[in-house]
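Descriptive structure summary
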Amino acid sequence: MKRIIIMAAVAALATASYAQTMYEGVKFTDRDLNGTARFVGMGGAMGALGGDISTISTNPAGIGIYRSNDIMTSFGFSAFGTETNYLGNKLNNDKSRVTFDNIGAVFSSKIGNYTALRYVNFGFNYKKAKNFYNNTSMAGDLPDFVSGGEEYLVSQTNQMARQAYGAYNGPLGSKNAFSDPELGWLSILGYQGGVIVPVAGTNDQYRSKALDYNYYPYADFYSEERGGIDQYDFNVAFNFNDRFYLGLTIGAYDVDYSKYSLYDESFSPNDGYSLETWNNISGAGFDFKLGTIFRPFEYSPLRVGLAVHTPTFYQLTSEREAYLKSNLNGKRIEVDSYAALGNRVNATEFRLRTPWKFNASLGYTIGKDLALGAEYEYQDYSTVTFQDSYGNRLDDRYENTAGDMLKGVHALRLGLEYKIIPEFAFRAGYNFTTSAFKANAYSKLPYYSVATDTDFTNSDTRNDFTLGVGYRGSIFYTDLAYKYTTCKGDFYAFDDENLQATKLTNTRSQVLFTVGMRF
């Protein structure tokens, strides 16, 4: 099939939009369990209990529980681990870093004892909503087999050849190829680097150069991800008759994400190529959160919480570079997008809209010693959408859509706090979060994509286990929490239905410390 000819303006728009994939949509939608050490120690299950600054981002009505002013800050230490297993070849990447996790304040204003409106409270909180810190590696032989009487090698170059299908080799080999909105960067790098070649008798169909060698290709992959999402929440909350609480939070987000990946594939002991990719995404977003807490029975300590979060509306910029170096039969070739574009990166603007979020919670206290919390949250990740810089929804007909690849995510949080003595408390919590990916989800780059990082991970369920202790004085207080997070998944260095998954396990151990005072 020949390549469909599209008006240049439309094609340029498509190229800009599909620098991104649904996997990045998931990355910017997901949130970590983070905040104050008390909140984390109870597994974040405080939506109905309230009275902690971190509930400002889950159930805004939780700020209405306050009856005094509160100022606090939190910092911690995190150890990140990634283990991969590809055909029995296990690799580990372990890193650690100090983190600044939270700072906030609540100002409580008493209205009266006999009016329906008892308190009006205002809150502000900063927290690290998402930490992207992660290193991943895999290595091993890529299999080959015979299909339909023809030999088939599993190789990243097959993905390059598929993307190049229908493109004439003249434009692909042009020095202006990286500026052509009808050409994908992966296919340009493959063709100009000599690792894909035209099929005999054609000038618009391609095959892997690996087929010319009598070896299994050997793959070696490494990536580094850095940055995070900073969240700033501004809140107002109301207390009516000490039974009904209402809160509104306006959230602002700052995104800083960077990724470097290196993929190396050997066709023989002396021949092969390496592909380096740089991807930086930055920008900002906002959302609104509305929540309520109420006590359905006047003389019962049972509290019920309900909250809804609008989508987060992001305005983002992606900057990409790619560099391929090949060595084939003693001939060295270098292909550099940065140099080809006149020593500049490819910068594209786009908008991302995350799903709506719905939250329901229960809180129950037994005397003054025991508090129990349970929380359920739902987001339909299949509604993640990309838009152009003007807000027009992008056409998905050339790409796997969120509806095809993603599904609803359910999160359950449980927590308890027990006061051994009035000043000293013990806490424990647990979170269970389901996967956002449907079975056999994959990342397919469309033919005009400027993205060249072909790797993707279908993450499975995530589990968070937490413990904490806290001391409360007459004014000052301090809390300490420990969180252990584990999540398994299937990692793929590139898109090939015959590539066996690399089994991946991500872990994170975090120690969190909070100091504050109430007055």
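Bear in mind that the values here come from a model prediction, so they are computed numbers and not experimental data. Per chain, residues are indexed from 1 in the order of the written sequence. Totals for whole chains, interfaces and linings use every residue, but because this is a predicted model, local features are given only for residues with pLDDT of at least 70 and side-chain atom pairs only at 80 or more, for both listing and counting. Only hydrogens and water are removed before side-chain values are computed, so all heavy atoms of the structure are retained for them.

1. Things to note about the overall build of the chain
- Helix and strand definitions follow DSSP, with helices as H or I runs of at least four residues and strands as E runs of at least two, each counted in order from the N terminus. Secondary structure assignment for the chain yields 8 helices and 23 strands.
- We take the radius of gyration over the C-alpha atoms and set the globule estimate at 2.2 Å times the residue count to the 0.38 power. The C-alpha atoms of the chain give 26 Å as radius of gyration, which agrees with the globular expectation for 519 residues (24 Å, within 12%).
- For the C-alpha atoms alone, the extent of the chain along its principal axes is close to 90 × 50 × 40 Å.
- Expressed as a percentage of the 519 residues in the chain, the buried residues total 55%.
- Residue contacts are defined here by distance: any two heavy atoms, one from each residue, within 4.5 Å place the two residues in contact. Taking contacts inside the chain between residues at least 6 apart in sequence as the whole, the part at least 24 apart equals 73%.
- Note that accessible areas follow from Shrake-Rupley with a 1.4 Å probe, and for residues the cover is restricted to the protein chains shown. When the accessible surface of the chain is summed, it comes to about 21,900 Å², and 57% of that surface belongs to carbon and sulfur atoms. Buried, partly exposed and exposed residues are distinguished by accessible area as a fraction of the type maximum, computed with a 1.4 Å probe on protein chains only: under 20%, between the cut-offs, and over 50%, respectively.

2. Digging into the pairing of strand 22 (residues 476-492)
- We call two strands paired when DSSP finds no fewer than two bridges between them. Where strand 21 (residues 456-472) lies against strand 22, 15 bridges are found, and the strand directions are antiparallel. Pairing of Val469 across the sheet is with Leu480, part of strand 22.
- The hairpin turn running from strand 21 into strand 22, its antiparallel successor, is 3 residues long.
- Across 16 bridges, the pairing between strand 22 and strand 23 (residues 502-518) is antiparallel. Residue Phe491 lies in a different strand from strand 23, and its bridge partner there is Thr502.

3. Observations concerning helix 4 (residues 156-164)
- Most of helix 4 sits inside the fold, with 8 of its 9 residues counted as buried.
- Among all positions in helix 4, only Gln156, Thr157, Asn158, Gln159, Met160, Ala161, Gln163 and Ala164 are buried.

4. What about the pairing of strand 4 (residues 134-141)?
- Where burial is concerned, most of strand 4 is hidden: 7 out of the 8 residues are buried.
- Two elements, strand 4 and strand 9 (residues 218-240), share 8 bridges in a ladder whose sense is antiparallel. Looking across to strand 9, one finds that Met138 is bridged to Phe221.

5. A short note on unusual backbone geometry
- For Asn329, which is not glycine, the phi dihedral falls at a positive 55°.
- As for its placement among the helices and strands, Asn329 is situated in the loop between strand 13 (313-328) and strand 14 (331-336).
- With relative accessibility at 60%, the residue Asn329 sits in the exposed group.
- At Asn440, a position not held by glycine, the phi torsion is positive, near 65°.
- Residue placement: Asn440 occurs in the loop between strand 20 (424-433) and strand 21.
- Since its relative accessible area comes to 72%, Asn440 is described here as exposed.

6. Details of the pattern of salt bridges
- A carboxyl oxygen of Asp or Glu within 4 Å of a side-chain nitrogen of Lys or Arg is what we treat as a salt bridge. As enumerated under the stated definition, the model contains 27 salt bridges in all.
- We note a salt bridge from Arg162 to Asp495, for which the minimum N-O separation is 3.4 Å. Of this pair, Arg162 sits in helix 4 while Asp495 sits in the loop between strand 22 and strand 23, and the two are 333 residues apart along the sequence.
- The class for Arg162 is partly exposed, based on a relative accessible area of 41%.
- As a salt-bridge pair, Asp212 and Lys209 come within 3.2 Å of each other at their nearest N and O atoms.
- For Lys209, a relative accessible area of 18% corresponds to the buried category.
- Ionic contacts of the salt-bridge type, sharing partners, join the residues Asp30, Asp32, Lys130, Arg462, Asp464 and Arg508 into one network.

7. Some details on the packing of aromatic side chains
- Ring pairs shown here join Phe, Tyr and Trp side chains whose ring centres sit within 6.5 Å, with only the six-membered ring taken for Trp; geometry is labelled stacked below 30 degrees between planes, edge-to-face above 60, and tilted in between. Counted under the stated rule, the structure contains 27 aromatic pairs.
- Here Phe75 and Phe513 contribute two aromatic rings whose centre-to-centre distance is 5.6 Å and whose plane-to-plane angle is 65°, an arrangement assigned as edge-to-face. In this pair, Phe75 sits in strand 1 (residues 70-86) while Phe513 sits in strand 23, placing the two residues 438 residues apart along the sequence.
- Put simply, the rings of Tyr213, Tyr263, Phe267, Tyr273 and Phe494 touch in pairs and so form one group of aromatic residues.
- Charge over a ring is defined by NZ of Lys or CZ of Arg lying within 6 Å of the ring centre and within 35 degrees of the ring normal. Note that Arg226 overlies the ring of Tyr133, its terminal NZ or CZ placed 4.0 Å from the centroid.
- Geometry around Tyr477 places Arg472 over its ring, the cationic atom sitting 4.2 Å from the centre.

8. What about the packing of helix 4 against helix 6 (residues 185-192)?
- In contact at an axis separation of 8 Å, helix 4 and helix 6 are set at 110° when each is read in the N-to-C sense. By the angle class used here, helix 4 and helix 6 are roughly perpendicular. In the packing of helix 4 onto helix 6, the handedness of the crossing is left-handed. Between helix 4 and helix 6, the residues in contact are Gln159, Met160, Gln163 and Ala164 and Trp185, Leu186, Ser187 and Gly190, respectively.
- The nonpolar class holds Ala, Val, Leu, Ile, Met, Phe, Trp, Tyr, Cys and Pro. Asp, Glu, Lys and Arg form the charged class, and all remaining residues, Gly among them, are polar. Classifying every residue of the contact of helix 4 with helix 6 gives 4 nonpolar, 4 polar and no charged. Lines fitted to the C-alpha atoms define the axes, with helices restricted to the stretch that makes contact. Angles between their N-to-C directions range from 0 to 180 degrees. These descriptions rest on fixed angle ranges, namely under 35 degrees for roughly parallel, over 145 for roughly antiparallel, 65 to 115 for roughly perpendicular, and the rest for oblique. Left-handed is the label given to a crossing in which the near helix is rotated counterclockwise from the far helix by less than a right angle, and right-handed is the label when the rotation is clockwise.

9. Structural notes on helix 2 (residues 22-29)
- Within helix 2, 7 of the 8 residues are buried, which leaves the element mostly enclosed by the surrounding structure.
- For helix 2, the complete set of buried residues consists of Met22, Tyr23, Glu24, Gly25, Val26, Phe28 and Thr29.

10. Digging into the environment of Gly25
- For Gly25, the position within the fold is in helix 2.
- Gly25 gets classed as buried once you look at its relative accessible area, which sits at 0%.
- Distance from Gly25 to Asp455, taken between C-alpha atoms, is 15 Å for residues 430 residues apart in sequence.
- Every residue in contact with Gly25, bar those within four places of it in the chain, is listed here: Leu352, Val384 and Phe386.

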